[in-house]
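Survey of secondary and tertiary structure
This is what each chain is made of:
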Amino acid sequence: MDSNEIIRLGELVLEGHIVSEQEAISLTDTCEDDIPLLGAYANKIRTKFAGKKVDMCGVINARSGLCTEDCKFCSQSVYHQTNSQPFPLISKQEALDSITNLSKAGAERASIVTSGKGMDNDPDFERIVTLIKHVTTESTINICANLGTISYSQATFLVKSGIKRYAHNLETSQNFYPQICTTHPYQERLNTLLAAKKAGLELCSGGIIGLGEGWNDRISLALTLRSLDIDSIPINILNPIQGTLLEKQTPLSPLEILKTFAIFRFILPSKVIRPAGGREINLRDMQGAVMLAGANGLLVGNYLTFGGRDIAKDFIMVNDAGLVPILNN
């Protein structure tokens, strides 16, 4: 797609046009010279439909490792030999202390994350619900949960515990997914999101780019997220961890990453699109540019099994881009 076509489609989206699959695929042909133009229109689209506020969210690794699933990118899988150290469910106080630290750093929300496929037959489920009730009562920021696959009845327990948003990534397109995970099907991930939505929870779901997927897979993921009306969309960029099956995967270039974020904004004009794990490693000095290519959320602080960066630097980056971090209460 040349510069004139980018301008034409960008103006149409600003007028309320819904980008079709073919138009989205055409955007992937944008040459490197025109990526700044594509990003500029993504920025205009974000401003019109989502404003200038940026949602700052941190994650709490509440139970780590010993996951029975074979996701090729994950250092917590029992199929991989990595330096990631497993640990059991943390205490209510440990969770609250971590959330308090995120809150003091300025994060507006925090997500409680546990390793494992999901909550069916999980002996920790009742303790997890109790932990969530405690932190939602005692903390002043929004609390989300990311516990793997859940049923509708489990989702209703989570609603009663005080959370309003459930996070569960689709990871990639349905077509490419079997290349990444074989121990549970894509439909289980979709079913979890549908169950959470039926229970009244907001949805957070995205994926990882740089797994070896093609542009059509990224477009398919974005369109699936649109069809599910996902509220918050984290986009991770693969951090190839030693010991995983993707440890030698070739990293994406910063420009390709920026183009991906911009295209997601064209497809999802009003949603929170959140650069997440791997952004520091893969974007390097180009991190600030993603805030001018349609992003309006950030996953801040440390990630589940590897470090992030000083949250204060992310606040500076957001402000320098002319955007406004959402502050906690």
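The following refers to the structure shown. (Residues numbered from 1 in each chain as written. Predicted model: local features only at pLDDT ≥ 70, side-chain atom pairs only at ≥ 80, totals over all residues. Heavy atoms only, no water.)

1. Notes on the pattern of salt bridges
Note the cut-off: Any carboxyl oxygen of Asp or Glu that lies within 4 Å of a side-chain nitrogen of Lys or Arg is treated as forming a salt bridge with it. Numbered from the N terminus, helices here are DSSP runs of H or I no shorter than four residues, and strands are runs of E no shorter than two. The buried label applies to any residue whose accessible area, calculated with a 1.4 Å probe on protein chains only, is under 20% of its type's maximum; exposed applies above 50%, and partly exposed to all values in between.
Under the counting rule described, the total for this entry stands at 15 salt bridges. For Asp124, the salt bridge goes to Arg63, with nearest N and O atoms at 2.9 Å. Here Asp124 is found in the loop between strand 2 (109-114) and helix 5 (125-138), whereas its partner Arg63 is found in strand 1 (residues 53-63), with 61 residues between them in sequence. You'll find Asp124 and Arg63 in the same group, each marked buried.

2. Brief notes about the pairing of strand 3 (residues 142-146)
In plain terms, the rule: Two strands form a pair only when DSSP identifies at least two bridges running between them. The definition of a right-handed crossover adopted here requires that, viewed with the strands pointing away, the path from the first strand over the helix to the second runs clockwise.
Pairing between strand 2 and strand 3: 5 bridges, direction parallel. Looking across to strand 3, one finds that Val113 is bridged to Asn146. With respect to chirality, the unit in which strand 2 leads through helix 5 into the neighbouring parallel strand 3 is right-handed. Between the parallel elements strand 3 and strand 4 (residues 165-167), the chain passes through helix 6 (residues 152-161) in a crossover that is right-handed.

3. With respect to unusual backbone geometry
With the exception of glycine, most residues fall at negative phi, and the peptide bonds are largely trans. Even without being a glycine, Asn121 presents a positive backbone phi close to 60°. Note that Asn121 resides in the loop between strand 2 and helix 5. Classification of Asn121 as exposed rests on a relative accessible area of 81%. Although it is not a glycine, Arg284 sits at a positive phi angle of roughly 50°. With respect to the helices, strands and loops of the structure, Arg284 is situated in the loop between helix 10 (279-283) and helix 11 (287-290).

4. Here we look at the packing of aromatic side chains
For any pair of aromatic rings, the description consists of the separation of the ring centres together with the inter-plane angle of the planes. Cut-off, in case you're wondering: Two rings from Phe, Tyr or Trp (for Trp, the six-membered ring) form a pair when their centres are within 6.5 Å of each other. A pair whose planes differ by under 30 degrees is stacked, one over 60 is edge-to-face, and the rest are tilted.
What the rule picks out here adds up to 3 aromatic pairs. For the pair Phe125 and Phe157, a centre-to-centre distance of 6.3 Å together with 85° between the ring planes defines the contact as edge-to-face. Here Phe125, found in helix 5, pairs with Phe157, found in helix 6; they are 32 residues apart in sequence, far enough to count as distant. On the numbers, 5.2 Å between centres and 65° between planes, the contact of Tyr177 with Tyr186 is edge-to-face.

5. What about the pairing of strand 2?
Of all the 6 residues making up strand 2, 6 are buried; the element is thus mostly covered by neighbouring parts of the structure. Alternating residues of strand 2 divide into Arg109, Ser111 and Val113 and Ala110, Ile112 and Thr114, and every residue in both groups is buried. Pairing of strand 1 with strand 2, which is carried by 6 bridges, proceeds in the parallel orientation. Considered in strand 2, the bridge of Ile60 is made with Ile112. After leaving strand 1, the chain enters helix 4 (residues 92-105) and then returns to the sheet as strand 2, a path that is right-handed.

6. Details of the side chain of Arg279
Basically, it comes down to this: Here a polar contact is recorded for every N or O atom pair within 3.5 Å, except that within protein the pair must consist of a potential hydrogen donor and a potential acceptor, and residues adjacent in sequence are included only if both atoms are side-chain atoms. It only takes one pair of heavy atoms within 4.5 Å for two residues to be counted as in contact.
Inspection of the secondary structure assignment puts Arg279 in helix 10. A distance of 2.5 Å separates a polar atom in the side chain of Arg279 from a polar atom in the side chain of Gln287. A distance of 2.6 Å separates polar atoms of two side chains, one belonging to Arg279 and the other to Asp314. Dropping the residues within four chain positions of it, Arg279 is found in contact with Ile237, Arg284, Gln287, Leu298, Leu299, Val300, Tyr303, Arg309, Asp314 and Met317.

7. Describing the packing of helix 3 (residues 35-50) against helix 9 (residues 254-267)
Cut-off, in case you're wondering: With axes taken as lines fitted to C-alpha atoms, and helix axes fitted only over the stretch in contact, angles between N-to-C directions fall between 0 and 180 degrees. Working rule for handedness: look at the near helix, and if it is turned counterclockwise from the far one by less than a right angle, call the crossing left-handed; if clockwise, right-handed. Note on residue classes: Ala, Val, Leu, Ile, Met, Phe, Trp, Tyr, Cys and Pro are nonpolar, Asp, Glu, Lys and Arg are charged, and everything else, Gly too, is polar.
Where helix 3 contacts helix 9, the axes come no closer than 9 Å and their chain directions differ by 35°. Note that helix 3 runs across helix 9; the crossing there is left-handed. Each of Ile35, Leu38, Gly39, Tyr41, Ala42, Ile45, Arg46 and Ala50 in helix 3 lies in contact with helix 9, whose residues at this interface are Leu255, Leu258, Lys259, Ala262, Ile263, Arg265 and Phe266. Across the contact of helix 3 with helix 9, the residue classes break down as 11 nonpolar, 1 polar and 3 charged.

8. Regarding a nonpolar patch on the surface
Spelled out, the test is: To count toward a patch, a residue needs a relative accessible area over 30% and no salt bridge; like charges are then connected within 9 Å, while nonpolar side chains (Val, Leu, Ile, Met, Phe, Trp, Tyr) are connected within 5 Å. Using a 1.4 Å probe, the Shrake-Rupley method yields the accessible areas, and only the shown protein chains count as cover for residues.
There is a patch of nonpolar side chains on the surface, built from Leu66, Val78 and Tyr79 and spanning about 340 Å² of accessible area. Summarising the element assignment, Val78 is placed in the loop between strand 1 and helix 4. Residue classification places Val78 among the partly exposed residues on the basis of a relative accessible area of 44%.

9. Concerning the environment of Tyr79
As for its placement among the helices and strands, Tyr79 is situated in the loop between strand 1 and helix 4. As for Tyr79 and Thr244, which are separated by 165 residues in sequence, their C-alpha atoms are 8.2 Å apart. For Tyr79, the residues in contact, after removing those within four places along its chain, are Thr68, Glu69, Asp70 and Thr183.

10. What about the nonpolar core?
Our working definition: Throughout this description, the term nonpolar core refers to a set of buried Ala, Val, Leu, Ile, Met, Phe, Trp, Tyr and Cys residues connected via side-chain atoms within 4.5 Å.
Counting 95 residues, the largest nonpolar core has Leu158, Phe264, Phe266, Ile267 and Met291 as its most contacted members. Here this core takes 8 residues from helix 9, the largest share from any one element. Among all residues touching Ile267, those that are not within four sequence positions of it are Val19, Ala24, Ile219, Ala222, Leu223 and Arg226. In this structure, Cys57, Ala276, Leu299 and Tyr303 belong to the second largest nonpolar core, which totals 6 residues.

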